[in-house]
Amino acid sequence: MARSLTNRADTRAIADIAAAWGFYDGPHLSRLFRERFSCTPSEYRASHGRAD
């Protein structure tokens, strides 16, 4: 999933990525992502060369 967030060709919104990966919704993904990576998906995306 982290690859989807930093792939420049993948322009989907984080909520769409969450749905594609089977998460209930964007906030659900954000909570679990923060637990694992110590940042939100948006922060991860921005710090790895992608910004919305």
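Remember, it's a predicted structure, so these values are computed and weren't measured experimentally.

Student: How should I be thinking about the environment of Arg12 in this particular structure?
Tutor: With respect to the helices and strands, the residue Arg12 is situated in the loop between helix H1 (2-6) and helix H2 (14-20). Under the relative-accessibility criterion, Arg12 is labelled partly exposed at 30%. Those residues in contact with Arg12 that lie beyond four places of it in its chain are Ser4, Ile17, Ala20 and Arg45. A distance of 2.6 Å separates the side chain of Arg12 from the side chain of Asp10, its partner in a polar contact.

Student: Can you walk me through the UniProt feature "domain: HTH araC/xylS-type" (unreviewed entry) in the protein in this structure?
Tutor: Mapped onto this numbering, the UniProt entry gives "domain: HTH araC/xylS-type" (unreviewed entry) at residues 1-47. For residues 1-47, helix accounts for 66% and strand for 0%, while the C-alpha atoms at its two ends are 15 Å apart.

Student: I keep staring at helix H3 (residues 26-37) and nothing clicks. Help me out?
Tutor: For H3, which comprises twelve residues, the first-to-last C-alpha distance of 16 Å matches the rise-based estimate of 16 Å (1.5 Å per residue) to within 8%. Buried within H3 are the following residues: Gly26, Leu29 and Phe33. Seen end-on, H3 carries its buried residues on one side only, within an arc spanning 60°. Buried residues along H3 sit against H1, H2 and helix H4 (41-47).

Student: Help me understand unusual backbone geometry in this model?
Tutor: Residues apart from glycine generally show negative phi values, whereas peptide bonds are mostly found in trans. The backbone phi angle of Ser38 is positive, close to 60°, even though this residue is not glycine. Secondary-structure assignment places Ser38 in the loop between H3 and H4.

Student: How should I be thinking about the nonpolar core in this particular structure?
Tutor: Among soluble globular proteins, nonpolar side chains are generally buried collectively. Among the nonpolar cores identified, the biggest contains nine residues, and these are Ala2, Leu5, Ile14, Ile17, Ala18, Leu29, Phe33, Cys39 and Tyr44. With three residues, H2 is the single largest residue contributor to this core.

Cut-offs applied
- Residues numbered from 1 in each chain as written.
- Predicted model: local features only at pLDDT ≥ 70, side-chain atom pairs only at ≥ 80, totals over all residues.
- Heavy atoms only, no water.
- Helix = DSSP H or I, 4+ residues; strand = E, 2+ residues; numbered from the N terminus.
- Buried < 20%, exposed > 50% of the residue type's maximum accessible area, 1.4 Å probe, protein only.
- Contact = heavy atoms within 4.5 Å.
- Polar contact = N/O pair within 3.5 Å; in protein donor to acceptor, adjacent residues only side chain to side chain.
- UniProt positions renumbered as here; feature names shortened; annotations may be inferred.
- Expected span 1.5 Å × (residues − 1).
- Arc of directions from axis to C-beta.
- Core = buried A, V, L, I, M, F, W, Y, C linked by side-chain atoms within 4.5 Å.

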